[in-house]
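Commentary on secondary and tertiary structure
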Amino acid sequence: LGPVQQGNTQQMVVVQTAAVFLRQILIKYYKEEHYYQPSERKEIRDLLFKALFVTPPSLKSLLLDSIAVVADADFPCQWPEMVDTIQQAFQSGTP
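Figured I'd write up the structure that's included with this text. The numbers attached to residues start from 1 for each chain and follow its sequence in the written order. Restriction of local features to residues with pLDDT of at least 70 applies here, the model being predicted, together with a cutoff of 80 or more for giving and counting side-chain atom pairs; totals for whole chains, interfaces and linings are based on all residues. Only heavy atoms go into the side-chain values, all of them from the structure, while hydrogens and water stay out.

Quick word on the nonpolar core
- Leu26, Tyr30, Ile44, Leu48, Val70 and Trp79 are the most contacted members of the largest nonpolar core, which totals 16 residues.
- Counting from the N terminus, the helices are DSSP H or I runs at least four residues long and the strands are E runs at least two residues long. At the level of secondary structure, the elements contributing two or more residues to this core comprise helix 2 (38-51), helix 3 (57-74) and helix 4 (82-92).
- Of all the elements, helix 3 adds the most residues to this core, at 5 residues.
- It only takes one pair of heavy atoms within 4.5 Å for two residues to be counted as in contact. Non-local contacts of Ile44, meaning those with residues more than four positions away in its chain, are made with Leu26, Tyr30, Tyr36 and Val70.
- Ranked by size, the runner-up nonpolar core spans 5 residues in total, among them Val15, Ala19, Leu59 and Leu62. Only buried residues count toward a nonpolar core, which is a set of Ala, Val, Leu, Ile, Met, Phe, Trp, Tyr and Cys residues joined through side-chain atoms within 4.5 Å. Only protein chains enter the accessibility calculation, which uses a 1.4 Å probe; a residue is then buried when its area is under 20% of its type maximum, exposed when over 50%, and partly exposed in between.

The structure is reproduced here in structure tokens:
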């Protein structure tokens, strides 16, 4: 999920569909410990969080749902820096 060009409805529909699909995959598989390696889990967390800062408002709720799935599974044991990461991002305005 990356930046979406303003006014490109077809692209927006594709990106929104991808965000819904990603959320469904995370809901189904993310809590399974063996499904993702720790390095993959970290990359998923990092990319989801960074995507919040480059997506239009209509996609933010979908990304927040995905982050909630990840946080539910990983926080605090596997993602102890989550609160610090969120705090730093909102203080600086960037992920």
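Here the narrative resumes, following the displayed structure.
Notes on the packing of helix 1 (residues 9-29) against helix 3
- Close contact between helix 1 and helix 3 brings their axes to 9 Å; oriented N to C, the two are set at 15°. Between helix 1 and helix 3, the interaxial angle falls into the category roughly parallel. The handedness of the crossing between helix 1 and helix 3 comes out as left-handed. In contact with Met12, Val15, Gln16, Ala19, Val20, Arg23, Leu26 and Ile27 of helix 1, helix 3 contributes Ser58, Leu59, Leu62, Asp65, Ser66, Val69 and Val70.
- Taken together, the residues of the contact of helix 1 with helix 3 break down into 10 nonpolar, 3 polar and 2 charged. Angular values range over 0 to 180 degrees, each being the angle between N-to-C directions of two axes fitted as lines to C-alpha atoms, with helices fitted over their stretch in contact. Oblique is the label for any angle not under 35 degrees, not over 145, and not in the 65 to 115 range, which are roughly parallel, roughly antiparallel and roughly perpendicular in turn. What makes a crossing left-handed is the near helix being turned counterclockwise from the far one by less than a right angle; a clockwise turn instead makes it right-handed. Classification used: nonpolar for Ala, Val, Leu, Ile, Met, Phe, Trp, Tyr, Cys and Pro, charged for Asp, Glu, Lys and Arg, polar for all others including Gly.

Observations regarding the pattern of salt bridges
- For salt bridges, the criterion is a side-chain nitrogen of Lys or Arg within 4 Å of an Asp or Glu carboxyl oxygen. Using the criterion set out here, one finds 5 salt bridges in the structure.
- Among the ionic pairs, Asp74 bridges to Arg41, the shortest N-O distance being 2.8 Å. Taken together, the residues Asp74 in helix 3 and Arg41 in helix 2 connect sequence positions 33 residues apart.
- Residue Asp74 is classed as buried on the basis of its relative accessible area of 1%.
- The partner of Asp74 in a salt bridge is Arg45, with the nearest N and O atoms 2.7 Å apart. Taken together, the residues Asp74 in helix 3 and Arg45 in helix 2 connect sequence positions 29 residues apart.
- Owing to a relative accessible area of 6%, Arg45 belongs among the buried residues under this scheme.

Comments concerning the packing of aromatic side chains
- A pair of aromatic rings is counted whenever rings of Phe, Tyr or Trp (Trp by its six-membered ring) have centres within 6.5 Å, and the orientation is called stacked for planes under 30 degrees apart, edge-to-face for over 60 and tilted otherwise. Under the criterion given, the structure shown has 5 aromatic pairs.
- Ring centres 5.0 Å apart and planes at 75° place the aromatic pair Tyr35 and Tyr36 in the edge-to-face group.
- One aromatic cluster in this structure is built from Tyr29, Tyr30, Tyr35 and Tyr36.
- Charge over a ring is defined by NZ of Lys or CZ of Arg lying within 6 Å of the ring centre and within 35 degrees of the ring normal. Sitting over the ring of Tyr30, Arg41 keeps its end group 4.0 Å from the ring centre.

Quick word on the environment of Thr17
- Relative to the helices and strands, Thr17 is located in helix 1.
- Under the relative-accessibility criterion, Thr17 is labelled partly exposed at 49%.
- Once the C-alpha coordinates of Thr17 and Gln88 are considered, the two residues, 71 residues apart in sequence, prove to be 30 Å apart.

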